[in-house]
Amino acid sequence: NAGVTQTPKFQVLKTGQSMTLQCAQDMNHEYMSWYRQDPGMGLRLIHYSVGAGITDQGEVPNGYNVSRSTTEDFPLRLLSAAPSQTSVYFCASSILPEPNGYTFGSGTRLTVV
Amino acid sequence: SQQGEEDPQALSIQEGENATMNCSYKTSINNLQWYRQNSGRGLVHLILIRSNEREKHSGRLRVTLDTSKKSSSLLITASRAADTASYFCATVNYGQNFVFGPGTRLSVLP
């Protein structure tokens, strides 16, 4: 059992390029989310999903899209990368209704030049 | 703005000493959780305390919750070099998302 798997681990993009960060979990968790982590700012929620076909915006959704076609997968798409999106991105999942604790992926370090 | 705010921002102690980190929050919660993050890794869930609990233990970890003061503390006893990491509190409300604080960086010196 792999838990939460994120790919790629590292990525460098040029401004204006698009890409998809992949996230998959094998724990049958209903709840999945994407966070970005910047120095001194903790983790900020980008988008989240409470089940297949259901997504919603978090604190900092601009410039990102998500979809949830299956319970297992929750990809994050950067539509047109900007230097302000340089960050470390974490995917996390948990059970519902009351999240007892997130399981985090190992992160994707993204640099936009 | 962040719901949870850890204090201090950074803490350095000697191996064998106890480390105490605090978390304050602003609104009512259902539970509060503490996570550890080693450098370059994802966060790992340490312990959860519900709003009707006042204290919880897990190994060398002791968490307290004071809902009247909207604060929690994490105590790590007999610290080890391997405890060097950043520690985050996250508050949870039913129907809402986790909110993380900016974290406390703990350095345990051998």
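You'll find the structure just up there.
Since this is a predicted model, take the numbers as computed values, not measurements.

Caption draft 1: Focus on the state of the cysteines. Residues and elements named next belong to chain B. Summed over all chains, the structure comprises two disulfides over all chains. Here cysteine 23 engages in a disulfide with cysteine 89; their sulfurs sit 2.0 Å apart. On the S-S bond that ties cysteine 23 to cysteine 89, the torsion sits near 65 degrees, and the link is right-handed. Of this pair, cysteine 23 sits in strand β3 (residues 19-24) while cysteine 89 sits in strand β9 (residues 85-92), and the two are 66 residues apart along the sequence. Cysteine 89 carries the same exposure label as cysteine 23, and that label is buried.

Caption draft 2: A look at the interface of chain A and chain B. Facing 19 residues of chain A, the contacting portion of chain B comprises 20 residues. Across the chain A to chain B interface the summed buried area is about 1600 Å²; carbon plus sulfur atoms make up 51%. The largest contributions to the chain A side of the interface with chain B come from Leu43(A), Glu98(A) and Tyr102(A), which together make up 32% of the buried area. Seen at the junction of chain A and chain B, the total is three residue pairs in polar contact (both at pLDDT 80 or more). Mapped by element, the contributors of at least two residues to the side of chain A that touches chain B are β4 (31-37) and β5 (43-51) of chain A. Sort the elements by how many residues they give to the side of chain A that touches chain B and β5(A) lands first, with four residues. Within the side of chain A that touches chain B, the residues separate by chemical class into 10 nonpolar, seven polar and two charged.

Caption draft 3: Highlighting unusual backbone geometry. For the bond from Thr7(A) to Pro8(A), the omega torsion is -5 degrees, close enough to zero to count as cis. Of note, the amide linkage connecting Asp7(B) to Pro8(B) takes the cis form, showing an omega dihedral of 0 degrees. Inspection of the secondary structure assignment puts Pro8(B) in the loop between β1 (5-7) and β2 (10-14). Although it is not a glycine, Asn28(A) adopts a positive phi angle of roughly 60 degrees. Within the secondary structure, Asn28(A) sits in the loop between β3 (19-25) and β4. Phi is positive for Ala78(B), close to 45 degrees, though the residue is something other than glycine. Considering the arrangement of structural elements, one finds Ala78(B) in the loop between β8 (71-76) and β9.

Reading guide: rules and limits
Residues numbered from 1 in each chain as written. Chains lettered and ligands numbered in written order. Predicted model: local features only at pLDDT ≥ 70, side-chain atom pairs only at ≥ 80, totals over all residues. Heavy atoms only, no water. Disulfide = S-S within 2.5 Å. Helix = DSSP H or I, 4+ residues; strand = E, 2+ residues; numbered from the N terminus. Buried < 20%, exposed > 50% of the residue type's maximum accessible area, 1.4 Å probe, protein only. Contact = heavy atoms within 4.5 Å. Buried area = accessible area lost by both parts, 1.4 Å probe. Polar contact = N/O pair within 3.5 Å; in protein donor to acceptor, adjacent residues only side chain to side chain. Nonpolar A, V, L, I, M, F, W, Y, C, P; charged D, E, K, R; others polar.

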